[in-house]
Every structure is written in structure tokens, then in C-alpha cells.
Amino acid sequence: MLSSIALITLAGIVVSRLSQKIKIPSLIGLILVGILVGPSVLDWLDPNLLNISADIRQVVLIIILTRAGLSLDLKELKKVGRPAVLLSFVPATFEIIGVMIFAPLFLGLSLVESALLGAVLGAVSPAVVAPRMITLIQERFGTKKGIPQLILAGSSVDDIYALVLFSSFLSLAQSGTFNIGSFLAIPLSILSGVFIGFLSGHLLSLLFQTVQFKTITQVLIMLSLSFGFVSFEDYFVNIPFSGILAVMSMAIILYRQIPKESEKISEIYNQLWVPGEIFLFVLVGASVNVQFAFAAGLTPVFVILLALAVRMVGVWVSLIGTPLNSQEKLFSLIAYSPKATVQAAIGGIPLALGLPAGELILTVSVLAILITAPIGAFGIDSSYKKLLSHD
């Protein structure tokens, strides 16, 4: 396993530097490295490392969400309240409906299988979006109208919404029965996650003001609590609770209560993101089954693009009535398109459970990563200085 870690680290550093030189998002090169060294091509990675790949990706996701929370100002969030709520479910709903329309026509899936595929595709990737929105906040692009804050807040809940729908549709595909309780769990998961996160953030701020910890110790305490939140959600699946929202909410309150200390904490999380980015996208690439992707042909790509177009209509609808101009709305459409983390995590579950459409769902989810993650990342990186005002 140590040799695989060394390979990923060194290859990731080299590819990241090359990506900067040729001015493309580093995640494109990292995903390609993962495909190359993964089981589908050279098979150079230790299977034991691949077995814990999902856990590593989850750790990196926690780092991303904490960085996002430490960059979000509650006052700015209040300014963009309504569209942030709409962005948390309207675009995903539009995309799921789009897949339910196009997948039966072009892929021959049933309505339930199409809904399941739509739920897989419906989540935006925080791994792609969050770091870039943090950069925009730090560089003060679009912050006066709260655009990066709006996208950060909406995308964090968007994932929960898509995952709950995926669970409901999966149950329906397996048993033929629909569980209305899963839908009722969505608002409860959001409220409980935010409440626990806010409470934890407030208690942590009091602790850090009372006891003089080193910054690295503060980070270790926060990471431990974050792991506990996510683990609680995994172990007690019947309790409506969102661990990732608790993580982000805790960081938001810390930033509000102790801004100076939060800046120091944020600097360490920024450093943790350097290896985190490498391992996240290389391991996502390693999960890609190249044979499935080539065997599927271009029809799934057509469905992905059609559903993405419908999703963009949902983003535009969510932004009606906001002070955003057409350029800023266009940027929001681009920023809400990339997919990676959630698709890599759940795309293979229907196949593992033996569903007839499992192989096709996995293939489409992989293609969605390969198409939208690079295009979305490149689109954000190349357009924000042109489409957003510098405040």
C-alpha cells in the first residue's frame, strides 16, 4: 500500500504542475492518472488502498466542507436566502425529470430505473465546486451579490436531497414499494444537521476562547468531531441526520464567533486540501471502468447532455427574481454542472445489488464524471473573471 500512496502522491504533484503550465484544471490530469494506474488499465494500485478509497474520499469531502464553512459569512448568506433554498432541490429535480423523460427513449430503461439513474446524476460535486467558490470568495469575485456563497450553500444541501431520493428509488426498484418516509426525512435531516452543527460550533468557540490550544490541536478536535458526525449518519441510518451539513454548519458558526482563530484554522485546512485533492481525484479516476465506458457508446453521453440542459433550466428558474444579471446567471449555470464525488460513491450500488440496469447506471455515472467534472471545472476557472464583477 505504501508504494501505491507514493505513486499517487508523486504522480499527482507532477500532473498538477503540468496542468498549471498548460492552464487546465488539475483535476482533469488527476482523474486521467487515476484511470491509467487503476484496475481498468495498468492496475498498479494496491487493492487494499482501493478498498478504503470511499473512506479516503469521505475524509477529503469533510476537509472541503469545513473549508467552505470557514469561508461563509452568515450575513452574506441571509442576503441570498430564497435562491439558496431553491438551488438545493430545484435543479436536481429538473435533472431527474429530464432523465426520466430521455432514458426510457434512448437507453430502454423503465421509469423506476430512469428515476434511480436521475438521482445518481442529480447531485452536483462539492469536490469540484467548493474549492473554486472558496477561491472566488478569497479573491472577491461576485461576493457583493453573494454568488459564490449562494452556490456553496445550495450545493451542500443539493447532495443530501439527491442521496435521499436515490435511497427511495433504490428501495422501489428492489421491492416495488415506495417509501414516503424517505421524503419526510429530507427536511428533518437538514434541520437536525444544521442544529447539531451550530450547537457544536458555538460550544467549540467557547472552548477555544477558554483553553489556549495550538491551532493544529484545534484542527484535530474539529476533524474528530466531523468524523463523528459522518459516522453517526452511517451507523444510525434510520435517524434523519445530515453529517455533512453538521460539519459545514459547525465551521460557519466558528467563523462567526472567533474569526481571527478561524483564519488560522482555515490556513491548515487549506494545506490539508493539497494532498486531499490529489488523492480524491486520482481515486475517483481509479474507480472508472474503461471497458464499460467504451462499450456503452455515445447514446449515454447524449442522455447526460440532455438532462444537464434540463438541469440548467432549473438553475435559471431558481435565480428568477434575484439581482443577478444574465452574465452572473450564466456563471451559476456553469458552476452547478460538474459531477464527481457522489456519482463515484453511489454509481456502482445498483450493480452491486444485482439490479438489471446496474451495469448501465454505473457506466452512465462514470461518463457523467468524465464529461462534466473537467468541463465544469474548466468552465468555472476560465469564466469567473469575465462573468463576475471584482468587488
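Keep in mind that this is a model prediction, so the values were computed, not measured.

Take the overall build of the protein chain next. Scanning the protein chain from N- to C-terminus turns up 20 helices and zero strands. Taken over the C-alpha trace, the protein chain has a radius of gyration of 20 Å; the compact-globule value for 391 residues is 21 Å, and the two agree within 12%. Taken along its principal axes, the extent of the C-alpha atoms in the protein chain is 60 × 50 × 45 Å. Summarising the internal contacts of the protein chain: among those between residues at least 6 apart in sequence, 82% fall at separations of at least 24.

Taken as a whole, this structure holds six aromatic pairs when the rule is applied. A ring pair is formed by F106 and F302, whose centres lie 5.1 Å apart and whose planes are at 85 degrees; its orientation type is edge-to-face. One end of the pair, F106, is in helix α7 (residues 90-106); the other, F302, is in helix α16 (residues 299-318), with 196 residues separating them in the sequence. According to the relative accessible area criterion, F302 is partly exposed, its value standing at 41%. Measuring from centroid to centroid gives 6.4 Å for F229 and F241, while their planes differ by 65 degrees, and the two rings are edge-to-face. You can see F229 sitting in helix α12 (residues 215-235) and its partner F241 sitting in the loop between α12 and α13 (243-257), a full 12 residues away along the chain. Among the residues examined, F229 registers a relative accessible area of 10% and is labelled buried. The class of F241 is buried, set by a relative accessible area of 8%. Taken together, the aromatic side chains of F229, F232 and F241 make up a single cluster linked through ring pairs.

Helix length check: helix α1 (residues 2-22) (21 residues) gives 30 Å between terminal C-alpha atoms against 30 Å at 1.5 Å per residue, within 8%. Buried within α1 are the following residues: S4, I8, G12, V15, S16 and S19. Buried residues of α1 fall within an arc of 110 degrees about the axis and therefore sit on the same side. Opposite the buried face of α1, by more than 90 degrees, sit the exposed residues L2, S3, L10, R17, L18 and K21.

Cut-offs used in this document
- Residues numbered from 1 in each chain as written.
- Predicted model: local features only at pLDDT ≥ 70, side-chain atom pairs only at ≥ 80, totals over all residues.
- Heavy atoms only, no water.
- Helix = DSSP H or I, 4+ residues; strand = E, 2+ residues; numbered from the N terminus.
- Rg over C-alpha atoms; globule rule 2.2 N^0.38 Å.
- Contact = heavy atoms within 4.5 Å.
- Phe/Tyr/Trp six-rings, centres within 6.5 Å; stacked < 30°, edge-to-face > 60°.
- Buried < 20%, exposed > 50% of the residue type's maximum accessible area, 1.4 Å probe, protein only.
- Expected span 1.5 Å × (residues − 1).
- Arc of directions from axis to C-beta.

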